[in-house]
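Chains, contacts and geometry: an overview
What follows is each chain in one-letter form.
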Amino acid sequence: MRLFKTVHDFDYSWHTVSAAQWQKYPNPDCPHVQHVDVLDSSVDPETGVLRIERLISVDQKAPTLILRAMGASSTQYVREVALIDPKTKTMTLSSKNLTLSNILSCEESITYTQHPTIPEKTLFSQQATISAGSAVSRMASMIEDWSVKRFQQNALLGRDAFSKVLERFVVLAEAKEEAAATSGSK
């Protein structure tokens, strides 16, 4: 089993970051994410927590020889459950691969929270556990090492791509506010 963890501060409020998160895909900077489909959504009437379940189709560039040996295609599926709590200003995205999970399992958790000391910033935390199954026990360590490196590359790519989405989101929101203020003053 291998672990991956990273933290980052976004220079925008939790409300802005959590709203922009839903604009992350499709994204030319993350071409491996092919589709994102919402399977279910609900709001807990007592807590106000929004729960969204999504199916993410990902094109994994695993070596063709390995894919053929496992009888798999390059399209893999990931189940994600998002919990958004506006009261505590916490958004958690938990995901797990569905495809070939008996061979290689990846469980990821991303949390966006209001920064504890600088409220106009958002704290981003990402961690993943990657483990090769018993079917590949002889090569487990090698597969896990390769997978963690691939995950690190995709995590950095994803965070950079989201930063661009976030910047565009903020520019558009500011332009909309400015247009509304201008039309309201006439």
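Coordinates for the structure precede this section.
Scope of this entry: the structure provided in the associated data block. (Residues numbered from 1 in each chain as written. Predicted model: local features only at pLDDT ≥ 70, side-chain atom pairs only at ≥ 80, totals over all residues. Heavy atoms only, no water.)

Looking at the pairing of strand E4 (residues 75-85)
This is how it is decided: At least two DSSP bridges between two strands are needed for those strands to be called paired. Under the scheme used here, helices are H or I runs from DSSP no shorter than 4 residues and strands are E runs no shorter than 2 residues, and both carry numbers assigned from the N terminus.
Alignment of strand E3 (residues 50-59) against E4, held across ten bridges, turns out to be antiparallel. Paired with isoleucine 52 across the strands is alanine 82, a residue of E4. When E4 meets strand E5 (residues 90-97), the two strands line up antiparallel, connected through eight bridges. If you follow valine 78 over to E5, its bridge partner there is asparagine 97. Where E4 folds back onto E5 in an antiparallel hairpin, the turn is made up of four residues, including lysine 89, whose phi is positive at roughly 55°.

Some remarks on the layout of surface pockets
What counts here: Cavity: a set of points on a 1 Å grid over the protein atoms alone where a 1.4 Å probe fits but cannot get out. Pocket: an open set with protein on both sides within 12 Å along at least five of seven lines, its lining residues, like those of a cavity, having an atom within 4 Å of a point. Grid points are joined across faces, edges and corners, and a volume is the space filled by probe spheres set on the points. Classification used: nonpolar for Ala, Val, Leu, Ile, Met, Phe, Trp, Tyr, Cys and Pro, charged for Asp, Glu, Lys and Arg, polar for all others including Gly.
Roughly 1200 Å³ of internal volume is contained in the largest pocket. Looking at the largest pocket, it is lined by 48 residues, and the ones nearest its centre are Gln60, Cys106, Arg150, Phe151 and Asn154. Residue assignment for the lining of the largest pocket shows that the elements contributing at least two residues are E3, helix H2 (64-70), E4, E5, strand E6 (104-114), strand E7 (122-132) and helix H3 (140-184). If you tally residues by element for the lining of the largest pocket, the top one is H3, at eleven residues. Of the residues in the lining of the largest pocket, the class split is 29 nonpolar, eleven polar and eight charged.

Section: the pairing of E6
Relative to E6, E5 runs antiparallel, the two sharing seven bridges. Within the sheet, the bridge partner assigned to lysine 96 lies in E6 and is glutamate 107. The loop that links E5 with its antiparallel partner E6 comprises six residues; one of these, leucine 100, has a positive phi angle of about 55°. Where E6 lies against E7, eleven bridges are found, and the strand directions are antiparallel. Pairing of cysteine 106 across the sheet is with isoleucine 130, part of E7.

Side note on the packing of aromatic side chains
As a reminder, the rule being used: Put simply, two rings from Phe, Tyr or Trp (the six-membered ring, in Trp's case) pair if the centres are within 6.5 Å, and we call them stacked under 30 degrees between planes, edge-to-face over 60, tilted for the rest.
On inspection of all chains with the given rule, the structure shows six aromatic pairs. Three or more aromatic residues joined by ring pairs form one cluster here, namely Phe10, Tyr112, Phe124 and Phe162.

Structural notes on unusual backbone geometry
A cis amide bond links tyrosine 25 to the next residue, proline 26, at an omega of 0°. Relative to the helices and strands, proline 26 is located in the loop between helix H1 (14-20) and strand E2 (33-43). Phi is positive for lysine 89, close to 55°, though the residue is something other than glycine. You can see lysine 89 is positioned in the loop between E4 and E5. The phi dihedral of leucine 100 is positive, around 55°, even though this residue is not glycine. Checked against the element boundaries, leucine 100 lands in the loop between E5 and E6.

None of this, on its own, says anything about what the molecule does.
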